[in-house]
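# Report on the structure
What follows is the residue order along each chain.
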Amino acid sequence: MRCENLDVWKKASRLCVDIYKYFKECKDYGFKDQITRSSLSIPSNIAEGMEKNYKREKIRFFEISKGSIAELITQIYIGIEIEYIDKQIGLRWINELDEISKMLTGLSKYHKKEKYEKK
């Protein structure tokens, strides 16, 4: 299965696009770079994991994505506090990230149950 067919990849990619667009005009290039990189890392690692041949490799990349989710949530909370991010928008993003994290947990569980070591 390709990543483009996964709802979790689609959801993570859409959120990444939203974040890139939101920070398009941001002049704090350090913050902008960090938050956009974190958001980009989530669907990118899902995609990379799906291309791995062994389930333990797949799961490792899904776990890396979950780490990027935690990083992004932290940056969103900070962005809200320093008034770079509208509170309602930031909280909506955090809710989406919680959903993505749960979806990744389910995807990892699915791959752990696979009978075969290969894709």
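I will try to describe carefully the structure that is included in this document. Predicted, not measured: the structure shown is a model, and the values here were computed from it.

### Examining the overall build of the protein chain
Within the protein chain, the regular secondary structure consists of 4 helices and 0 strands. Mapped from its N terminus to its C terminus, the protein chain presents α and β elements in the order α-α-α-α. Relative to a compact globule of 119 residues, whose C-alpha radius of gyration would be 14 Å, the protein chain shows 15 Å and is just as compact. If one aligns the C-alpha atoms of the protein chain with their principal axes, the spans along those axes are about 50 × 20 × 20 Å. For the protein chain, the residues scored as buried account for 43% of the 119 residues in total. The contacts of the protein chain with a sequence gap of at least 6 include a subset with a gap of at least 24, amounting to 71%. In the structure as shown, the protein chain presents an accessible area of about 7300 Å², 52% of it carried by carbon and sulfur atoms. Where the 24 positive side-chain charges of the protein chain centre and where its 19 negative ones centre are 7 Å apart.

### Some thoughts on the packing of aromatic side chains
What the rule picks out here adds up to 4 aromatic pairs. Here Tyr22 and Phe23 contribute two aromatic rings whose centre-to-centre distance is 5.2 Å and whose plane-to-plane angle is 65 degrees, an arrangement assigned as edge-to-face. Owing to a relative accessible area of 31%, Tyr22 belongs among the partly exposed residues under this scheme. The exposure class assigned to Phe23 is buried, which follows from its relative accessible area of 1%. Between Tyr22 and Trp93 the ring centres are 5.1 Å apart and the planes differ by 80 degrees, which places this aromatic pair in the edge-to-face class.

### Examining the environment of Phe23
Within the element layout of this structure, Phe23 appears in the loop between helix 1 (7-22) and helix 2 (29-50). Sequence separation of Phe23 and Thr36 is 13 residues, and the distance between their C-alpha atoms is 8.1 Å. Those residues in contact with Phe23 that lie beyond four places of it in its chain are Phe31, Lys32, Ile35, Tyr84, Ile85 and Trp93.

### Digging into helix 4 (residues 87-113)
The first and last C-alpha atoms of helix 4 sit 39 Å apart over 27 residues, in line with the 39 Å expected at 1.5 Å per residue. Those residues of helix 4 lying buried are Gly90, Trp93, Ile94, Glu96, Leu97, Ile100, Ser101, Leu104, Leu107, Ser108 and His111.

Calculation criteria
- Residues numbered from 1 in each chain as written.
- Predicted model: local features only at pLDDT ≥ 70, side-chain atom pairs only at ≥ 80, totals over all residues.
- Heavy atoms only, no water.
- Helix = DSSP H or I, 4+ residues; strand = E, 2+ residues; numbered from the N terminus.
- Rg over C-alpha atoms; globule rule 2.2 N^0.38 Å.
- Buried < 20%, exposed > 50% of the residue type's maximum accessible area, 1.4 Å probe, protein only.
- Contact = heavy atoms within 4.5 Å.
- Areas by Shrake-Rupley, 256 points an atom, 1.4 Å probe, with all protein chains shown as cover.
- Lys, Arg positive; Asp, Glu negative; His and termini not counted.
- Charge placed at Lys NZ, Arg CZ, Asp CG, Glu CD.
- Phe/Tyr/Trp six-rings, centres within 6.5 Å; stacked < 30°, edge-to-face > 60°.
- Expected span 1.5 Å × (residues − 1).

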